[in-house]
Amino acid sequence: TILYREIDYRDEAENAIRFANDFGIGLGGVAIESTAKGVDGNVLPSAADWLRTPYTYGDLSSEKFLVMEYVPSIKANNNEALDKAGVTLEDREYLAECLAHAYLRQFCANKFFSTDPHAGNLGIEVFEDGRVPRVVFYDFGQACSLSSDQAGGILDVIESIVDSDAKRSVSAFSRMGVLKDDADLEMVQAKCQQNYDEGKLKVKKRKSRNSSRYNTKETALAKESEKAELDARIDSAERAKNTTDSSEGVNDLEVMASFTLQSEYAFVARALSQMDGVGKSLDPEFDFISAAAPYLVEVKGTGKYLTDEIKKKFTFVYGEDGILAKELQLFKSLGLKLPTTKE
């Protein structure tokens, strides 16, 4: 089925048009209104400042012909050509971040993504007028859709990694539908916690940039106060890690027995793997979670993002595992009763 879809250009045209519309990119790379919405239900901003894809003429395309706008660019991993074009190391770090930004939106908001982001399908558009280069996406012969729970679960996993929150990771896996009915949830959570404590999953802070030209009006978390909020979130997760626990590690094979994967996640894994290779060719320190983290506020919406962060802080005190719950448990273990007020 996939092979036949690959050679039917009507499907590719449909995928390319949806991709462009989701990101709000029109003919000539101009900004148009995006068709994708964030978690809060508000329309996401156009990505035309940092992303480009050829305009597809759907009315001229057919099963055997695909008619698209000509968009020249430099292959994303052609460092020699990028050097000659004046693309700086700082530019490349920014472009790698744009790639992660694009996939965060595809996975968690658009619920539709290109499954084939290898270097042959990604270019860098360079401008002679001093504008910041843009990432260019080509070839939509293979694309995949996600359900709301799949997209929401991926977003929850990303946030749980940012926070090093093993319990939330398990909840996210459950929402994604990747845990078997008889899954050992305690073992899965223990493995997640072990990975966080050992630093196997660690989010890096966003790099500071010398040039202000990257801070376009559409760039999420451009303000220093918002960057500080994310840095504080990462610092808080780091402090919460248990670096002294010497308990025996959880066996990987035993943990994997609790998981089952739908076909969509195989395409997610492939896209992440290919994207990682291109990202590292632009920025050797690239990792998807760290590069995508600054854009969580865009995908969720500022109000939703801040509300969730406030709830998280209150959960630390009032939640089922919070300080008050632990104090109450201690009182009961000592045979004490909490004082009550008379009406």
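Parameters and conventions
- Residues numbered from 1 in each chain as written.
- Predicted model: local features only at pLDDT ≥ 70, side-chain atom pairs only at ≥ 80, totals over all residues.
- Heavy atoms only, no water.
- Helix = DSSP H or I, 4+ residues; strand = E, 2+ residues; numbered from the N terminus.
- Contact = heavy atoms within 4.5 Å.
- Polar contact = N/O pair within 3.5 Å; in protein donor to acceptor, adjacent residues only side chain to side chain.
- Phe/Tyr/Trp six-rings, centres within 6.5 Å; stacked < 30°, edge-to-face > 60°.
- Buried < 20%, exposed > 50% of the residue type's maximum accessible area, 1.4 Å probe, protein only.
- Axes fitted to C-alpha atoms, helices over the stretch in contact; angles between N-to-C directions.
- Parallel < 35°, antiparallel > 145°, perpendicular 65-115°, else oblique.
- Nonpolar A, V, L, I, M, F, W, Y, C, P; charged D, E, K, R; others polar.
- Pairing = 2+ DSSP bridges.
- Salt bridge = Lys/Arg side-chain N within 4 Å of Asp/Glu carboxyl O.
- 1 Å grid on protein atoms, 1.4 Å probe; cavity = no way out; pocket = protein on both sides within 12 Å on 5 of 7 lines; lining within 4 Å.
- Points joined across faces, edges and corners; volume = space filled by probe spheres on them.

Q: Quick rundown of the environment of Asn21? Include the residues and the values.
A: Tracing the sequence through the fold places Asn21 in helix α2 (residues 9-23). Spatially, the C-alpha atoms of Asn21 and Glu33 are 7.7 Å apart, while their sequence positions differ by 12 residues. With sequence-adjacent residues up to four places away left out, Asn21 is seen in contact with Ile32, Glu33, Ser34 and Thr35.

Q: So what's going on with the side chain of Ser290? Which residues, and what values?
A: Relative to the elements of secondary structure, Ser290 occurs in helix α11 (residues 288-292). At a separation of 2.8 Å, a polar atom in the side chain of Ser290 contacts the main-chain amide nitrogen of Lys204.

Q: Let's hear about the packing of aromatic side chains: which residues, and what values?
A: This model, assessed by the stated rule, comprises 10 aromatic pairs. Aromatic pair Tyr55 and Tyr57: ring centres 5.0 Å apart, planes at 80°, arrangement edge-to-face. Classification of Tyr55 as partly exposed rests on a relative accessible area of 33%. The class for Tyr57 is partly exposed, based on a relative accessible area of 28%. Taking the centre distance of 5.9 Å and the plane angle of 45° together, the rings of Tyr103 and Phe137 count as tilted.

Q: So, the packing of α2 against helix α4 (residues 89-110): which residues are in play, and what are the values?
A: Helix-helix packing: each pair is described by the crossing angle between the helix axes and the interaxial distance. One way to put it is that α2 packs onto α4 with a least axis distance of 11 Å and a crossing angle of 100°. By the angle between their directions, the pair α2 and α4 is classed as roughly perpendicular. In this structure, α2 contributes Arg18, Phe19, Asp22 and Phe23 to the contact, and α4 contributes Ala102, Arg105, Gln106 and Asn110. Of the residues assigned to the contact of α2 with α4, the class counts are 3 nonpolar, 2 polar and 3 charged.

Q: Pulling in residues and values, what's your account of the pairing of strand β4 (residues 122-125)?
A: Residues Leu122 and Ile124 line one face of β4 and the alternating positions Gly123 and Glu125 line the opposite face, and both faces are buried. Of the strand pairs in this sheet, β4 and strand β5 (residues 134-137) are connected by 4 bridges, and their pairing is antiparallel. Among the inter-strand pairings, Glu125 is bridged to a residue of β5, identified as Arg134.

Q: Any details on the packing of α4 against helix α5 (residues 148-162)? Residues and values, ideally.
A: Between α4 and α5, the least distance of the axes is 7 Å, while the angle of their chain directions is 130°. Taken together, the axes of α4 and α5 lie oblique to each other. Within the contact between the two elements, α4 uses Leu104, Phe107 and Cys108 and α5 uses Ala151, Ile154, Leu155 and Ile158. Residues of the contact of α4 with α5, tallied by class, amount to 7 nonpolar, no polar and no charged.

Q: Before we move on, can you summarise the pairing of β5 with the specific residues and values?
A: Across the two faces of β5 the burial is the same, with Arg134 and Val136 and Val135 and Phe137 all buried. Relative to β5, strand β1 (residues 51-52) is paired through 2 bridges, and the arrangement is parallel. Residue Leu51 lies in a different strand from β5, and its bridge partner there is Val135.

Q: Give a detailed account of the pattern of salt bridges, specifying residues and quantitative values.
A: Using the criterion set out here, one finds 24 salt bridges in the structure. In this structure, Arg168 and Glu159 form a salt bridge, with 3.2 Å as the shortest nitrogen-oxygen distance. According to the relative accessible area criterion, Arg168 is partly exposed, its value standing at 22%. Judged by its relative accessible area of 1%, Glu159 is buried. Through salt bridges with shared partners, a single network forms among Asp149, Asp156, Glu159, Asp163, Arg168, Arg175, Lys300, Lys304 and Asp308.

Q: If you had to explain the layout of surface pockets to someone new, which residues and values would you point to?
A: Empty space among the atoms can be located by rolling a probe the size of a water molecule over them. Size it by volume and the second largest pocket reaches roughly 940 Å³. In terms of lining residues, the second largest pocket is bounded by 29 residues, among which Val157, Ile161, Phe173, Met176 and Leu272 are the most central. Each residue belonging to the lining of the second largest pocket can be placed in one class, and the counts come to 22 nonpolar, 3 polar and 4 charged.

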